[in-house]
Amino acid sequence: MHVATEDHPGVSTLAGTPKEVQAQLGRSHAERVLVLAFDQVQPKVFDTLTENVTHVTASLFEILREQHDRQSLERLADLLLPRTPPSPRLLKEAAMLIQARKAVLESGDWLTAADVAQLAGLSTRNPSAQPNKWKKQGQIFAIHHGGIDYFPGYGLDPDAGFRPFKAMGRIIEAFAGHKDGWGMAYWFRADNGFLGGKRPQDLLASAPERVIEAARDEVRGITHG
(Lines give C-alpha, C1' and ligand atoms only; values in the text may rest on other atoms or scores of the structure.)
Protein backbone atom coordinates (compact mmCIF):
# COMPACT_ATOMS: atom_id res chain seq x y z
CA MET A 1 0.00 0.00 0.00
CA HIS A 2 1.38 3.41 -0.93
CA VAL A 3 1.88 6.22 1.57
CA ALA A 4 -0.57 9.04 1.10
CA THR A 5 0.49 12.41 2.46
CA GLU A 6 -1.61 15.53 2.56
CA ASP A 7 -0.74 18.76 4.34
CA HIS A 8 -2.87 21.59 5.68
CA PRO A 9 -1.72 24.57 7.75
CA GLY A 10 -0.73 23.08 11.11
CA VAL A 11 -1.87 19.54 10.24
CA SER A 12 -0.23 16.74 8.24
CA THR A 13 -1.80 13.38 7.39
CA LEU A 14 0.26 10.24 6.81
CA ALA A 15 -1.38 7.03 5.62
CA GLY A 16 -0.05 3.63 4.70
CA THR A 17 1.27 0.51 6.39
CA PRO A 18 2.79 0.85 9.90
CA LYS A 19 6.28 0.52 8.41
CA GLU A 20 5.61 3.17 5.75
CA VAL A 21 4.14 5.62 8.25
CA GLN A 22 6.97 4.96 10.71
CA ALA A 23 9.48 5.97 8.04
CA GLN A 24 7.56 9.19 7.42
CA LEU A 25 7.37 9.96 11.14
CA GLY A 26 11.12 9.62 11.38
CA ARG A 27 11.41 12.71 9.20
CA SER A 28 8.55 14.59 10.89
CA HIS A 29 9.00 17.59 13.21
CA ALA A 30 5.46 17.41 14.57
CA GLU A 31 4.91 18.21 18.24
CA ARG A 32 2.06 15.72 18.66
CA VAL A 33 0.85 12.73 16.65
CA LEU A 34 -2.61 11.12 16.55
CA VAL A 35 -2.71 7.57 15.15
CA LEU A 36 -5.71 5.65 13.79
CA ALA A 37 -5.04 1.93 13.19
CA PHE A 38 -7.24 -0.41 11.13
CA ASP A 39 -6.86 -4.19 11.52
CA GLN A 40 -8.74 -4.96 8.32
CA VAL A 41 -9.87 -2.44 5.71
CA GLN A 42 -10.29 -2.52 1.94
CA PRO A 43 -7.92 -0.21 -0.02
CA LYS A 44 -10.73 1.87 -1.54
CA VAL A 45 -12.42 2.29 1.84
CA PHE A 46 -9.08 3.20 3.40
CA ASP A 47 -8.38 5.86 0.76
CA THR A 48 -11.82 7.39 1.31
CA LEU A 49 -11.36 7.38 5.09
CA THR A 50 -7.94 9.01 4.72
CA GLU A 51 -9.33 11.82 2.58
CA ASN A 52 -12.32 12.47 4.86
CA VAL A 53 -10.33 12.31 8.10
CA THR A 54 -7.75 14.69 6.63
CA HIS A 55 -10.32 17.34 5.75
CA VAL A 56 -12.29 16.94 8.99
CA THR A 57 -9.15 17.14 11.15
CA ALA A 58 -7.85 20.20 9.33
CA SER A 59 -11.22 21.96 9.63
CA LEU A 60 -11.53 21.08 13.30
CA PHE A 61 -8.03 22.33 14.01
CA GLU A 62 -8.73 25.59 12.23
CA ILE A 63 -11.99 26.14 14.09
CA LEU A 64 -10.57 25.30 17.51
CA ARG A 65 -7.73 27.79 17.01
CA GLU A 66 -10.20 30.60 16.43
CA GLN A 67 -12.00 32.56 19.09
CA HIS A 68 -14.86 30.46 20.53
CA ASP A 69 -17.61 32.79 19.46
CA ARG A 70 -21.07 31.82 18.28
CA GLN A 71 -20.03 31.65 14.64
CA SER A 72 -17.19 29.23 15.39
CA LEU A 73 -19.48 26.98 17.38
CA GLU A 74 -21.97 26.96 14.52
CA ARG A 75 -19.23 25.97 12.09
CA LEU A 76 -18.09 23.20 14.42
CA ALA A 77 -21.64 21.88 14.74
CA ASP A 78 -22.09 21.92 10.96
CA LEU A 79 -18.85 20.02 10.54
CA LEU A 80 -19.68 17.26 13.00
CA LEU A 81 -23.30 16.73 11.99
CA PRO A 82 -24.16 14.56 8.97
CA ARG A 83 -24.79 16.52 5.80
CA THR A 84 -28.36 15.24 5.63
CA PRO A 85 -30.57 13.53 8.24
CA PRO A 86 -30.83 9.75 7.93
CA SER A 87 -33.72 8.87 5.66
CA PRO A 88 -36.55 6.65 6.93
CA ARG A 89 -35.32 3.99 4.47
CA LEU A 90 -31.83 4.09 5.98
CA LEU A 91 -33.21 3.87 9.50
CA LYS A 92 -35.38 0.93 8.49
CA GLU A 93 -32.40 -0.85 6.91
CA ALA A 94 -30.32 -0.24 10.04
CA ALA A 95 -33.05 -1.73 12.23
CA MET A 96 -33.27 -4.78 9.96
CA LEU A 97 -29.50 -5.24 10.07
CA ILE A 98 -29.46 -5.05 13.87
CA GLN A 99 -32.28 -7.58 14.07
CA ALA A 100 -30.52 -9.95 11.65
CA ARG A 101 -27.24 -9.79 13.56
CA LYS A 102 -29.03 -10.28 16.85
CA ALA A 103 -30.72 -13.42 15.51
CA VAL A 104 -27.36 -14.80 14.37
CA LEU A 105 -25.64 -14.09 17.67
CA GLU A 106 -28.47 -15.56 19.73
CA SER A 107 -28.72 -18.76 17.66
CA GLY A 108 -26.18 -20.61 19.83
CA ASP A 109 -24.22 -21.70 16.75
CA TRP A 110 -21.07 -19.67 17.42
CA LEU A 111 -17.81 -20.56 19.15
CA THR A 112 -14.78 -18.55 20.19
CA ALA A 113 -11.32 -19.73 19.14
CA ALA A 114 -10.84 -21.09 22.66
CA ASP A 115 -14.08 -23.08 22.35
CA VAL A 116 -12.94 -24.52 19.03
CA ALA A 117 -9.53 -25.39 20.46
CA GLN A 118 -11.16 -27.22 23.36
CA LEU A 119 -13.51 -29.19 21.09
CA ALA A 120 -10.75 -30.11 18.64
CA GLY A 121 -8.20 -30.92 21.32
CA LEU A 122 -5.85 -28.20 20.10
CA SER A 123 -3.08 -26.50 22.04
CA THR A 124 -4.40 -24.38 24.89
CA ARG A 125 -1.22 -22.29 24.99
CA ASN A 126 -2.36 -20.28 21.96
CA PRO A 127 -5.95 -21.44 21.33
CA SER A 128 -6.65 -18.92 18.58
CA ALA A 129 -3.70 -19.97 16.41
CA GLN A 130 -5.22 -22.95 14.62
CA PRO A 131 -8.77 -21.57 14.13
CA ASN A 132 -7.29 -18.35 12.76
CA LYS A 133 -5.05 -20.39 10.48
CA TRP A 134 -8.11 -22.26 9.18
CA LYS A 135 -9.84 -18.94 8.57
CA LYS A 136 -6.82 -17.50 6.76
CA GLN A 137 -6.61 -20.61 4.57
CA GLY A 138 -10.30 -20.30 3.69
CA GLN A 139 -11.33 -23.51 5.43
CA ILE A 140 -13.83 -21.78 7.71
CA PHE A 141 -15.22 -18.27 8.17
CA ALA A 142 -15.91 -16.16 11.22
CA ILE A 143 -18.07 -13.22 12.24
CA HIS A 144 -16.43 -10.38 14.13
CA HIS A 145 -18.35 -8.93 17.08
CA GLY A 146 -17.16 -6.93 20.07
CA GLY A 147 -13.54 -7.35 19.03
CA ILE A 148 -13.81 -11.16 18.99
CA ASP A 149 -14.00 -13.67 16.14
CA TYR A 150 -16.76 -16.28 16.41
CA PHE A 151 -16.67 -19.46 14.34
CA PRO A 152 -19.77 -21.44 13.20
CA GLY A 153 -20.11 -24.65 15.18
CA TYR A 154 -22.02 -26.20 12.29
CA GLY A 155 -18.88 -25.76 10.16
CA LEU A 156 -16.92 -28.26 12.28
CA ASP A 157 -17.06 -31.99 11.56
CA PRO A 158 -17.38 -34.03 14.80
CA ASP A 159 -16.39 -37.17 12.90
CA ALA A 160 -13.09 -35.55 11.92
CA GLY A 161 -12.10 -34.28 15.36
CA PHE A 162 -14.05 -31.03 14.96
CA ARG A 163 -11.98 -29.88 12.02
CA PRO A 164 -13.78 -27.81 9.34
CA PHE A 165 -16.01 -29.70 6.92
CA LYS A 166 -14.20 -29.98 3.60
CA ALA A 167 -17.25 -28.56 1.84
CA MET A 168 -16.97 -25.37 3.88
CA GLY A 169 -13.85 -24.27 2.01
CA ARG A 170 -15.57 -24.73 -1.36
CA ILE A 171 -18.57 -22.72 -0.17
CA ILE A 172 -16.34 -19.91 1.09
CA GLU A 173 -14.53 -19.97 -2.25
CA ALA A 174 -17.85 -19.70 -4.09
CA PHE A 175 -18.84 -16.64 -2.05
CA ALA A 176 -15.46 -14.90 -2.37
CA GLY A 177 -16.04 -11.28 -3.33
CA HIS A 178 -19.80 -11.62 -2.79
CA LYS A 179 -20.39 -12.29 0.92
CA ASP A 180 -18.32 -11.50 4.00
CA GLY A 181 -18.52 -13.46 7.26
CA TRP A 182 -21.82 -11.89 8.30
CA GLY A 183 -23.26 -12.41 4.83
CA MET A 184 -22.41 -16.11 4.93
CA ALA A 185 -23.83 -16.38 8.45
CA TYR A 186 -27.18 -15.00 7.22
CA TRP A 187 -27.16 -17.35 4.22
CA PHE A 188 -26.36 -20.50 6.21
CA ARG A 189 -29.23 -19.96 8.68
CA ALA A 190 -31.90 -18.87 6.19
CA ASP A 191 -34.43 -21.20 4.58
CA ASN A 192 -33.17 -21.94 1.07
CA GLY A 193 -35.44 -22.55 -1.91
CA PHE A 194 -32.70 -24.39 -3.81
CA LEU A 195 -32.54 -26.82 -0.88
CA GLY A 196 -36.28 -27.37 -0.68
CA GLY A 197 -36.77 -24.79 2.05
CA LYS A 198 -34.14 -26.25 4.34
CA ARG A 199 -31.26 -24.30 5.86
CA PRO A 200 -27.78 -24.81 4.38
CA GLN A 201 -26.27 -25.27 7.84
CA ASP A 202 -28.61 -28.20 8.51
CA LEU A 203 -27.52 -30.04 5.36
CA LEU A 204 -23.80 -29.30 5.45
CA ALA A 205 -22.96 -32.64 7.10
CA SER A 206 -25.45 -34.88 5.28
CA ALA A 207 -25.60 -33.32 1.80
CA PRO A 208 -22.47 -31.16 1.33
CA GLU A 209 -22.56 -31.22 -2.49
CA ARG A 210 -26.11 -29.87 -2.50
CA VAL A 211 -25.07 -27.02 -0.20
CA ILE A 212 -22.11 -26.22 -2.45
CA GLU A 213 -24.44 -26.07 -5.45
CA ALA A 214 -26.85 -23.89 -3.48
CA ALA A 215 -24.01 -21.47 -2.78
CA ARG A 216 -23.10 -21.36 -6.46
CA ASP A 217 -26.74 -20.79 -7.35
CA GLU A 218 -26.84 -17.92 -4.86
CA VAL A 219 -23.80 -16.33 -6.48
CA ARG A 220 -25.35 -16.70 -9.94
CA GLY A 221 -28.40 -14.87 -8.62
CA ILE A 222 -26.21 -12.10 -7.21
CA THR A 223 -24.20 -11.80 -10.42
CA HIS A 224 -27.21 -11.64 -12.70
CA GLY A 225 -29.15 -9.62 -10.17
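Let me sum up the structure you'll find in this document. Quick caveat, the model's predicted, so the values are computed rather than measured.

## Comments concerning the overall build of the protein chain
Helices and strands together make up the secondary structure of the protein chain, namely 10 helices and seven strands. For the protein chain, buried positions account for 28% of its 225 residues. Partitioning the intrachain contacts of the protein chain with sequence separation of at least 6 by distance along the chain shows that 49% fall at a separation of at least 24. Accessible surface, the protein chain as shown: approximately 15,300 Å² in total, 54% of it carbon and sulfur.

## Considerations on the side chain of Gln 201
Along the chain, Gln 201 turns up in helix α9 (residues 200-203). Take Gln 201: its relative accessible area is 8%, and that puts it in the buried class. Not counting the four nearest positions on each side in its chain, Gln 201 is found in contact with Asp 109, Tyr 154, Phe 188 and Arg 189.

## What to know about the packing of helix α4 (residues 88-105) against helix α8 (residues 181-189)
Two packed helices can be described by the angle between their axes and the distance between those axes. Where α4 meets α8, the closest approach of the two axes is 10 Å, and the angle between their N-to-C directions is 70°. The angle between α4 and α8 places the two elements in the roughly perpendicular class. Taken as a pair, α4 and α8 cross one another with a handedness that is left-handed. Taken together, the residues of α8 that come into contact with α4 (itself represented by Leu 97, Ala 100, Arg 101, Ala 103, Val 104 and Leu 105) are Trp 182, Ala 185, Tyr 186 and Arg 189. Of the residues that constitute the contact of α4 with α8, the class distribution is eight nonpolar, no polar and two charged.

## So, the sheet that holds strand β4 (residues 143-145)
Ordered in space as β3-β5-β4, the three strands form an open sheet in which the pairing is antiparallel. This sheet does not close on itself; its edge strands, each paired only once, are β3 (110-111) and β4. Contacts between α8 and the sheet are confined to β3 and β4, with β4 contributing the most and set at about 110° to the helix.

## Points about the nonpolar core
Grouped together as the largest cluster of nonpolar side chains are 38 residues, with contacts concentrated most on Phe 141, Ile 171, Phe 188 and Leu 204. With six residues, helix α7 (residues 166-175) is the largest single contributor of residues to this core. Setting aside anything within four residues of it in sequence, one finds Phe 141 in contact with Trp 110, Tyr 150, Phe 151, Pro 152, Tyr 154, Met 168, Ile 172, Gly 181, Met 184, Ala 185 and Phe 188.

## Some remarks on the packing of aromatic side chains
Within the structure shown, the criterion is met by seven aromatic pairs. Ring geometry for Trp 110 versus Tyr 154: centroids 6.0 Å apart, planes at 75°, classification edge-to-face. With Trp 110 in strand β3 and Tyr 154 in the loop between β5 (148-152) and β6 (156-157), the pair connects residues that are 44 residues apart, well separated along the chain. Residue classification places Trp 110 among the buried residues on the basis of a relative accessible area of 13%. Where Phe 141 meets Phe 188, the ring centres are 5.8 Å apart and the plane angle is 15°; that geometry is what we call stacked. Residue Phe 141 is located in the loop between α6 (129-136) and β4, and its partner Phe 188 is located in helix α8; the two are separated by 47 residues in the primary sequence.

Thresholds, definitions, all that
- Residues numbered from 1 in each chain as written.
- Predicted model: local features only at pLDDT ≥ 70, side-chain atom pairs only at ≥ 80, totals over all residues.
- Heavy atoms only, no water.
- Helix = DSSP H or I, 4+ residues; strand = E, 2+ residues; numbered from the N terminus.
- Buried < 20%, exposed > 50% of the residue type's maximum accessible area, 1.4 Å probe, protein only.
- Contact = heavy atoms within 4.5 Å.
- Areas by Shrake-Rupley, 256 points an atom, 1.4 Å probe, with all protein chains shown as cover.
- Axes fitted to C-alpha atoms, helices over the stretch in contact; angles between N-to-C directions.
- Parallel < 35°, antiparallel > 145°, perpendicular 65-115°, else oblique.
- Left-handed = near helix turned anticlockwise from the far one by under 90°.
- Nonpolar A, V, L, I, M, F, W, Y, C, P; charged D, E, K, R; others polar.
- Pairing = 2+ DSSP bridges.
- Core = buried A, V, L, I, M, F, W, Y, C linked by side-chain atoms within 4.5 Å.
- Phe/Tyr/Trp six-rings, centres within 6.5 Å; stacked < 30°, edge-to-face > 60°.

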